[in-house]
Amino acid sequence: MSKVKTVKGTREFYPEQMFLRNFIFDKVRAASQMFGYQEWDGPFIETIDLYAAKSGEELVKKQSFTFEDRGGELVTLRPELTPSLARMIAEKQNELTYPVRWWSFGPFWRYEQPQKGRSREFFQWNIDMLGVNSPEADAELIAVGATFLRSVGLSPERALIYVNNRRLMDSEFDALGISQEKRLDVSNLVDRRTKMESTKWDAYGLEIGLSQTQLAGLKDILGNFDLWKKSDELTRLFAALEVLGVKDYVKFDPNIMRGLLYYTGTVFEAFDTSGSLKRAIFGGGRYDNLLADVGGQPLSGVGFAMGDVVIGIILQEAGLLPEFEPSPAQVLVTVFNESLWLESYRLAAELRINGLNVLVFPEPAKLPKQFKFADKMKMKVAVTVGPDEAEKGLAAVKNLSNGNQIIVKREAVANEIRKLLEA
RNA sequence: GAGCCUGUAGCUCAACGGCAGAGCGCCACACUGUGGCUGUGGAUGUUGUGGGUUCGAAACCCAUCAGGCUCCCCA
């Protein structure tokens, strides 16, 4: 075992994990493109100032990988993508074609305590629509998320997207006479509701300055799952979700707040409803004022982000991953002995010209060893050229799943293999 | 940043103050022109690391590193 350790919280992707990462990436790409979103990306390193403007203090001061570069500038490994998005949109605000529909899947870093579902290095899917401010646009983003969940095999019994609306909650808080200054505290209080005992939660509510009546009113609101009917935005949102065919995936929940300050309207979070992990699969919402902080004109947007870690664990636990195929080549050409070594290489090259992925055993070895190798790599076909075949211009093609072997002419090998692979 | 739990063969774990073990995997052979099954044999450890207590430590104590759970946080 190596004495040189990995950096805490980083991840090593052996082929099997790389397969999972690419599986998620493929599904992300498919869901994004199905709705016409364009792929893009920003820098992996940014100046700290970009995040100082709008991201939470906690993120910038405690959870970012920040360091001084050789020129003395404070730079940070990006902890999120939205500020980079805002800047890039602002830079070309007048030349872009709206609505902008962009998606991205790339690496991010946060200096957190690594634990299940959370590492310091992770991949994140970001997808946003800018330039349209409507509940119908919000519904589209939620539909993209639901489409993704469906595409990886997570049914509505297994995963749900909980929706709320900041404006609705604001008007409810207004009605309770909760002041603007207390909104952040109240938002924290709501976030904590499922995690605290109710008596402690009550005490915490009073501690942040709520009155008994306000606290009681707050509980009424958080327990009212029909509250959305009072919101025109949410009524339209659910109507759109219905025709988009994803309503089964979506439930109204007044307890969904989301910590981010910049959300202004619809907010949503997806959760696994039956697994061991109680972390959000993805989360997002509508933001109205993001561009102002990077010097742009006001532009409304809606989007969400999904980390690869939580969804990866869920898919694994739910047994929803396709079987890992170790070898990208399904065909093995064996090397019979030293004098036929290059003949095998020649055959492999012929098969590749014919469009097949072919792995040739790199040296003469006992055939049992070569066949065992093919088994472990879960390959489908083995081709052998021994002295008998070489003499007559033939090759032995073996179907590894049933053990049948046939001897065919060299020119027919590629077609024979194709037949076996298609069967 | 705080609390609790864990760390033994490649993997999963046992031994819980007294000779470091099992299953799986791996390698070889039976089977020198063919894999999966079976059988036989074989290799593998500074018990995470460093210190301490003890006649004796994988076990007890301290520190440290790593992982897990929770708090915090979740942009």
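Residues numbered from 1 in each chain as written. Chains lettered and ligands numbered in written order. Predicted model: local features only at pLDDT ≥ 70, side-chain atom pairs only at ≥ 80, totals over all residues. Heavy atoms only, no water.

A.B. asks: Kindly report on the overall build of chain A, identifying the contributing residues and their values.
C.D. replies: The helix and strand inventory of chain A stands at 15 helices and 16 strands. The C-alpha radius of gyration computed for chain A amounts to 28 Å, which surpasses the reference 22 Å derived for 423 residues by more than 25%, pointing to a less compact arrangement than a globule. Over its C-alpha atoms, taken along the principal directions, chain A stretches across nearly 95 × 55 × 50 Å. Considering chain A as a whole, with its 423 residues, one finds that 48% of them fall into the buried category. Taking as baseline every contact in chain A between residues at least 6 positions apart, the subset at least 24 positions apart corresponds to 68%. On chain A, roughly 21,400 Å² of surface is accessible, and the fraction owed to carbon and sulfur atoms is 51%. Across chain A, the 53 positively charged side chains and the 57 negatively charged ones have centroids separated by 5 Å. (Helix = DSSP H or I, 4+ residues; strand = E, 2+ residues; numbered from the N terminus. Rg over C-alpha atoms; globule rule 2.2 N^0.38 Å. Buried < 20%, exposed > 50% of the residue type's maximum accessible area, 1.4 Å probe, protein only. Contact = heavy atoms within 4.5 Å. Areas by Shrake-Rupley, 256 points an atom, 1.4 Å probe, with all protein chains shown as cover. Lys, Arg positive; Asp, Glu negative; His and termini not counted. Charge placed at Lys NZ, Arg CZ, Asp CG, Glu CD.)

A.B. asks: Can you lay out unusual backbone geometry for me, pointing to particular residues and giving the numbers?
C.D. replies: Comment: phi is negative for the bulk of residues other than glycine, and the bulk of peptide bonds are trans. The peptide bond linking Tyr98 to Pro99 adopts the cis configuration, its omega dihedral lying at 0°. Within the secondary structure, Pro99 is located in the loop between helix H4 (82-91) and strand E5 (100-109). Phi at Lys378 is positive, roughly 55°, even though this residue is not glycine. Within the element layout of this structure, Lys378 appears in the loop between helix H13 (367-376) and strand E14 (381-384).

A.B. asks: A description of the sheet that holds strand E3 (residues 65-68) should follow, citing residues and the corresponding values.
C.D. replies: Reading across the sheet, the three strands line up as E2-E4-E3 and stay open at both edges, with antiparallel pairing between neighbours. Across the chains shown, the open sheet's two edge strands, defined by having one partner strand only, are strand E2 (45-47) and E3. Pairwise comparison of adjacent strand axes, ignoring direction, gives a mean angle of 35° for this sheet. Here three bridges tie E2 to strand E4 (residues 74-77), and the two strands are oriented antiparallel to one another. Note that in E4 the partner of Ile45 across the bridge is Leu77. (Pairing = 2+ DSSP bridges. Axes fitted to C-alpha atoms, helices over the stretch in contact; angles between N-to-C directions.)

A.B. asks: Any chance you could break down the pairing of strand E7 (residues 159-165) for me, citing the residues and the numbers?
C.D. replies: Burial analysis of E7 places seven of its seven residues in the buried class, the great majority of the element. Where E7 and strand E8 (residues 250-252) come together, three bridges link them in parallel fashion. The residue bridging Val163 from the neighbouring strand is Phe252, located in E8.

A.B. asks: Describe the domain arrangement of chain A, with residues and values.
C.D. replies: Under the domain assignment used here, chain A contains domain 1 (15-42 + 81-317) and domain 2 (331-422). Between the C-alpha centres of domain 1 and domain 2 there is a distance of 52 Å. (Domains from an automatic or database assignment.)

A.B. asks: Requested: an account of the sheet that holds strand E13 (residues 358-360), with residues and values cited.
C.D. replies: Taken together, five strands build an open sheet; the order of strands is E13-E12-E14-E15-E16 and the sheet is mixed. Only two strands of the sheet have a single partner each, and these edge strands are E13 and strand E16 (405-409). Taken pair by pair, the neighbouring strands of this sheet meet at an average axis angle of 25°, ignoring direction. Note that strand E15 (residues 394-399) and E16 share five bridges and pair antiparallel. Among the inter-strand pairings, Ala395 is bridged to a residue of E16, identified as Val408. Against the sheet, helix H12 (residues 341-353) engages strand E12 (331-333), E13, E14 and E15, with an angle of about 170° to E13. On the sheet, H13 packs against E12, E13, E14 and E15 and is oriented at approximately 165° with respect to E12.

A.B. asks: Which residues make up the packing of helix H1 (residues 15-34) against helix H5 (residues 135-151), and what values do they have?
C.D. replies: The packing of two helices is summarised by the inter-axis angle and the distance between the axes. Where H1 meets H5, the closest approach of the two axes is 9 Å, and the angle between their N-to-C directions is 140°. The angle between H1 and H5 places the two elements in the oblique class. As for how H1 packs across H5, the hand of that crossing is right-handed. Between H1, through Ile24, Lys27, Val28, Ala31 and Met34, and H5, the contact on the second element is made entirely by Val144, Thr147, Phe148 and Ser151. For the contact of H1 with H5, a count of residues per class yields six nonpolar, two polar and one charged. (Parallel < 35°, antiparallel > 145°, perpendicular 65-115°, else oblique. Left-handed = near helix turned anticlockwise from the far one by under 90°. Nonpolar A, V, L, I, M, F, W, Y, C, P; charged D, E, K, R; others polar.)

A.B. asks: I'd like a description of the packing of aromatic side chains, backed by residues and values.
C.D. replies: In this structure the tally under the stated criterion is 16 aromatic pairs. With centroids separated by 6.2 Å and ring planes inclined at 55°, the aromatic side chains of Phe44 and Trp109 adopt a geometry described as tilted. Taken together, the residues Phe44 in the loop between strand E1 (38-39) and E2 and Trp109 in strand E5 connect sequence positions 65 residues apart. Residue Phe44 is classed as partly exposed on the basis of its relative accessible area of 36%. Ring geometry for Trp125 against Phe304: centres 5.1 Å apart, planes inclined by 80°, an arrangement best described as edge-to-face. Pair noted here: Trp125 is in strand E6 (residues 121-130) and Phe304 is in strand E11 (residues 301-307), with a separation of 179 residues, a long-range link. Linked through ring pairs, Phe13, Phe25, Trp103, Phe105 and Phe123 together constitute an aromatic cluster. A cation sits over an aromatic face here: Arg21 above Phe13, 4.5 Å from the ring centre. Against the face of Phe108 rests Arg78, its NZ or CZ located 4.2 Å from the ring centre. (Phe/Tyr/Trp six-rings, centres within 6.5 Å; stacked < 30°, edge-to-face > 60°. Lys NZ or Arg CZ within 6 Å of the ring centre and 35° of its normal.)

A.B. asks: I'd like a description of the environment of Gly303, backed by residues and values.
C.D. replies: Looking at the element boundaries, Gly303 is found in strand E11. C-alpha separation for the pair Gly303 and Ser339, spaced 36 residues apart in sequence, amounts to 62 Å. Not counting residues within four places of it along the chain, the set of residues in contact with Gly303 comprises Ile127, Asp128, Leu141, Phe268, Gly284, Gly285 and Tyr287.

A.B. asks: Which residues make up helix H6 (residues 166-175), and what values do they have?
C.D. replies: Among all positions in H6, only Arg166, Leu168, Met169, Glu172 and Phe173 are buried. The arc that holds every buried residue of H6, seen down its axis, measures 160°, which confines them to one face. Packed against the buried residues of H6 are E7, helix H7 (183-191), helix H9 (212-222), helix H10 (232-243), E8 and strand E9 (263-272). Where H6 begins, the capping side chain belongs to Asn165, and its oxygen is found 2.8 Å from the backbone nitrogen of Arg167. Gly177 sits one or two residues past H6 and shows a positive phi near 75°. (Arc of directions from axis to C-beta. Polar contact = N/O pair within 3.5 Å; in protein donor to acceptor, adjacent residues only side chain to side chain.)

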